[in-house]
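Here is what each chain is made of, one letter per residue.
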Amino acid sequence: MIFSPTIHAHAITRCRFRHGVAAAILAAIPAHAAADSGDAMHASFFWVVLWVAVLVMAILLSYLQHNRMVKGKTAELRRELFERQTAEKELLASDQKLRQSLAEKESLLKEIHHRVKNNLQVVSSLLYLQEDYMDDPKGVEILRESQNRVKSMALIHEQLYGTTDLAKIDFGRYVRGLAGNLFDAYGIDPACIRLNVRTDDIALGADMAVPCGLIINELVSNALKHAFVPDNSGTIDIVIRTLSAGRMEIVVADNGIGLAAPLADAEKKSLGLRLIDTLTTQLDGALAIETDNGTHFSITMNVPEQPN
Amino acid sequence: MAQSKLTPQTLCVTSGKGGVGKTSFTVNFAIALVRNDKRVLVVDGDMGLANVDVMLRLSVKNNIRDILESGADPRQAMIFARPNLAVLPGSSGVPEMVSLGARQQNRLTDFLKTISSDFDYVIIDTAAGIGSSVLWYNRFCDHNIFILSPDPTSMTDAYALIKLLSRDHGINQFNLVLNFVRGVREANHTVDTIKRVTHRFLNLELFHLGSIPEDRSVCRAVLDQVPFVEQTPGSKAARAVYDLAQRIHLLI
Ligand SMILES: Nc1ncnc2c1ncn2[C@@H]1O[C@H](COP(=O)(O)OP(=O)(O)O)[C@@H](O)[C@H]1O
Ligand SMILES: [Mg+2]
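Below is a short write-up of the structure. This one's a predicted model, so the numbers in the text were calculated from it and none came from an experiment.

Tallying the contact residues gives 10 residues for chain A and 12 residues for chain B. Considered class by class, the residues forming the side of chain A that touches chain B number 3 nonpolar, 2 polar and 5 charged.

A word on the packing of helix H6 (residues 171-185) of chain A against helix H7 (residues 206-227) of chain A. Residue and element names in this part refer to chain A. Running from N to C, H6 and H7 cross one another at 35°; their axes reach a closest spacing of 10 Å. The handedness of the crossing between H6 and H7 is right-handed. Contacts between H6 and H7 pair Phe171, Tyr174, Val175, Leu178, Ala179 and Leu182 from the former with Ala209, Gly213, Ile216, Asn217, Val220, Ser221 and Leu224 from the latter. Of the residues that constitute the contact of H6 with H7, the class distribution is 10 nonpolar, 3 polar and no charged.

By size, the foremost hydrophobic cluster in this structure holds 72 residues, and its most contacted members are Ala30, Val40, Ile123 and Val241 of chain B. Ignoring any residue separated from it by four or fewer positions in sequence, one finds Ile123 of chain B in contact with Leu11, Val13, Thr26, Phe29, Ala30, Val40 and Val42 of chain B.

Let's shift gears to helix H4 (residues 40-130) of chain A. Compared with an ideal rise of 1.5 Å per residue, which puts 91 residues at 135 Å, H4 of chain A spans 133 Å between its outermost C-alpha atoms and is within 8% of the ideal. Taken together, the buried positions of H4 of chain A are occupied by Ser44, Trp47, Trp51, Leu55, Arg79, Phe82, Thr86, His113, Lys117 and Leu120 of chain A.

This brings us to the site of ligand 1. All names here are of chain B. Around ligand 1, a shell composed of 18 residues is seen, among which Gly21, Lys22, Thr23, Ser24 and Val218 lie nearest. When residues of the shell around ligand 1 are traced back to their parent elements, those giving at least two are helix H1 (22-35), strand S7 (174-181) and helix H8 (216-224). Across the shell around ligand 1, the residue classes tally to 8 nonpolar, 7 polar and 3 charged.

Another point: the sheet that holds strand S5 (residues 247-254) of chain A. Residues and elements named next belong to chain A. Spatial strand order, S2-S4-S5-S7-S6: 5 strands in an open sheet with mixed pairing. Either end of the sheet is taken by a strand with one partner, and the two such strands are strand S2 (193-199) and strand S6 (286-290). In this sheet, neighbouring strand axes are inclined to one another by 10° on average, regardless of whether the strands run parallel or antiparallel. Across 7 bridges, S2 lies against strand S4 (residues 234-242) in parallel orientation.

Turning next to the pairing of S7 of chain B. All names here are of chain B. Most of S7 is tucked away: 8 of the 8 residues are buried. Pairing of strand S6 (residues 143-148) with S7 involves 4 bridges; the strand directions are parallel. Within S7, the position partnered with Ile147 by the bridge is Val177. A crossover connection joins S6 to the parallel S7 through helix H6 (residues 152-168); in handedness this β-α-β unit is right-handed. In terms of strand pairing, S7 meets strand S8 (residues 206-213) through 6 bridges, oriented parallel. For Phe174, the partnering residue across the bridge sits in S8 and is Leu206. Following the backbone out of S7, through helix H7 (residues 184-202) and into the adjacent parallel S8, one traces a crossover that is right-handed.

It is worth spelling out the pairing of strand S7 (residues 295-302) of chain A at this point. Residues and elements named next belong to chain A. Only one face of S7 is covered, namely the one carrying Thr295, Phe297, Ile299 and Met301; the face carrying His296, Ser298, Thr300 and Asn302 has none of its residues buried. Here 8 bridges tie S5 to S7, and the two strands are oriented antiparallel to one another. Each bridged residue has a counterpart across the sheet, and for Arg247 the counterpart in S7 is Asn302. Both S6 and S7 contribute to a ladder of 5 bridges, which runs antiparallel. Bridge pairing in S7 links Ala288 to Ser298. Here S6 folds back onto S7 in antiparallel fashion, the turn holding 4 residues, of which Gly294 has a positive phi close to 80°.

Conventions and cut-offs
- Residues numbered from 1 in each chain as written.
- Chains lettered and ligands numbered in written order.
- Predicted model: local features only at pLDDT ≥ 70, side-chain atom pairs only at ≥ 80, totals over all residues.
- Contact = placed C-beta atoms within 7 Å.
- Nonpolar A, V, L, I, M, F, W, Y, C, P; charged D, E, K, R; others polar.
- Axes fitted to C-alpha atoms, helices over the stretch in contact; angles between N-to-C directions.
- Helix = DSSP H or I, 4+ residues; strand = E, 2+ residues; numbered from the N terminus.
- Left-handed = near helix turned anticlockwise from the far one by under 90°.
- Core = buried A, V, L, I, M, F, W, Y, C linked by C-beta atoms within 7 Å.
- Buried ≥ 20, exposed ≤ 12 C-beta atoms within 10 Å, placed from the backbone.
- Expected span 1.5 Å × (residues − 1).
- Near = placed C-beta within 6 Å.
- Pairing = 2+ DSSP bridges.
- Right-handed = clockwise from strand over helix to strand, strands pointing away.

Purely geometric stuff here, so don't read any function into it on its own.
Here you go:
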C-alpha cells in the first residue's frame, strides 16, 4: 500500500512530464504521500491531484516565459533587420549617386575633348586659308606642315571622346588614322607607297600620346616628302611594340633613298628633326637611326604599366 | 529657474509614424512642466487629426484664421486648460502651412512668436508623416523631439524624417524619447540601433532623453480624457514623464 503512490507517481513522471523542474517537484511526492499513513488512499490521491495542478501551473508559466523571450528576441531581430535594410538602401543610393556623378564627369570630359578637337580644327583651317596669301612655295609648305601637326593633335582628342575609356587611347588605331591623314595631305596614292602598320596592343594617356603622335607625324612626313624621290614608290613600315619590362619601341622605316644630310649639324636641321629630338628628350626616350637600306628610325621609351 | 520672458524655448514633437504617442507625450509632458512651475503653451500642429483638445477635454470657440485676418489680439485664440498651461487648438483652424505664401508664413511666424512670449516653453505637437507643415514646424523650433517606439516601422519612419530634415533643412540635432518600452534591454537595443544607423549614414549623433514604458493607465486616461500624469501620478508612465520633465535642460 505504501509503495503504490510512488509507483503511480513514477508512472505519471514517465508518461507525461519531462520538464526538469517538474521532475524535481515530482520527486518530492512520495515523501508527502508516505507521511499520511491513516487514510492513505484518499490522501495520496489528493496529493497527486495537487501536484499535478502545481506542475501544470509551472509548465504554463515556463511556457509564457518562453513565449515572452521568443517575442523579445524576435523584436530584436526585426530591429537588426531594419538596420541591415537601411544600410542596404543607403549603400545602394550612394552607389547610384557615385555612378551618376561619374557619368556626368565623363560626359563633361568628352565635351571638353570635343571642343579641343574643334578648336584645333579651326586652327588648322586658318592655316589652310592663309596659304592663299602666301606666294612663296616654301612658305606654303611650312603652313602645310603646321596644319598636319595640328591635325595629328586634333586626332588624339577626337579619338578620346569617341572611346569609353577617356584616360587611354588605343595607340595602334591612332597611328593608322594619323598616317592616313598624312597620305591624304600629301596626295599620295596608297597603291604606290605601301604602308604597313604593326602595333602591339598599347594604350597610352593623352600626355604621352600627343608627343609620340607628333614624332610619328614628323617621321612619316619626312619619308613621304624625301624618301621616294625619283619614282614615288616604296614602302613605309610603322611598328609599335612593347619591349620587356615597361618599355616600348616606335619604329618608322622606309626603303627609300636614305638620309642625305648628316644629322649632327643642329643648326641646319629642319624643324621636323628638331621637334623629334626635343620630343624624344621630353619623353625620356632614346633615338637610334640606321641608314643601311632606306632610313630606319627607332625610339625606345618607358611606358606606364599596361592593364591586361 | 524662471526662463527669460523674451525667449521661450520651442520644442517640436514629431515621429514620422502615427500612433506612437506624440500627442499623449506632448500633453502629459506639458503638465509635468507646469508642475515644475513653468509656463507652457501647447500648439496643436496636427491639422487633420487634431486631438490635443480632446485629450484635455477642451471646447474650442475661437478660430485662429479669423483672428489672424481680423487683426485682433492673437491671445484670444488660446485656451487655458490649467493654470500656466495654454493650448492653441488645431481644430480651431491653424492654417495649413502649405497653403500659405511666404508673406502669410511670415505672419504666422510672427503670430506664434507673439503668442509665445508669455511662456517658458512652447511645445508643438505635429502630424504624422513628412508633410510640409511638419517640416515647417521642425525648422521653426529650437529643439526637435522624436517619439519612437521599438517597432521597426516606427524606426524606419523616424529615420526617413531625420534624414530629410538633416539633408534638406539643415537640422542636425535631434532628441529621442522612446515610448511603448517593455524593458530596459529593449529600450537600449532600440536606441543603439537607431543611433548606429544615423551615425553611419547621416553622421548625426542623437540624444536619448529618456523612455516611457508601455502602460495600461495611459490608454485608460485617454478614454477618460484626463492626462495620465494627473489621473495616475504613481504609474510607471507618469513617473517616466516627470523624470523627462526634470531632464528638459539636457535637450540639444
Ligand atoms: N506609453 C504608452 N502605453 C500605452 N499606450 C500608449 C502609450 N503611449 C501612447 N499610448 C496609446 O497610443 C495611442 C496613440 O497615442 P497618440 O498620442 O494619439 O499618438 P500620436 O499622437 O503619435 O498619433 C493612444 O490611444 C494612447 O493611449
Ligand atoms: Mg497626435
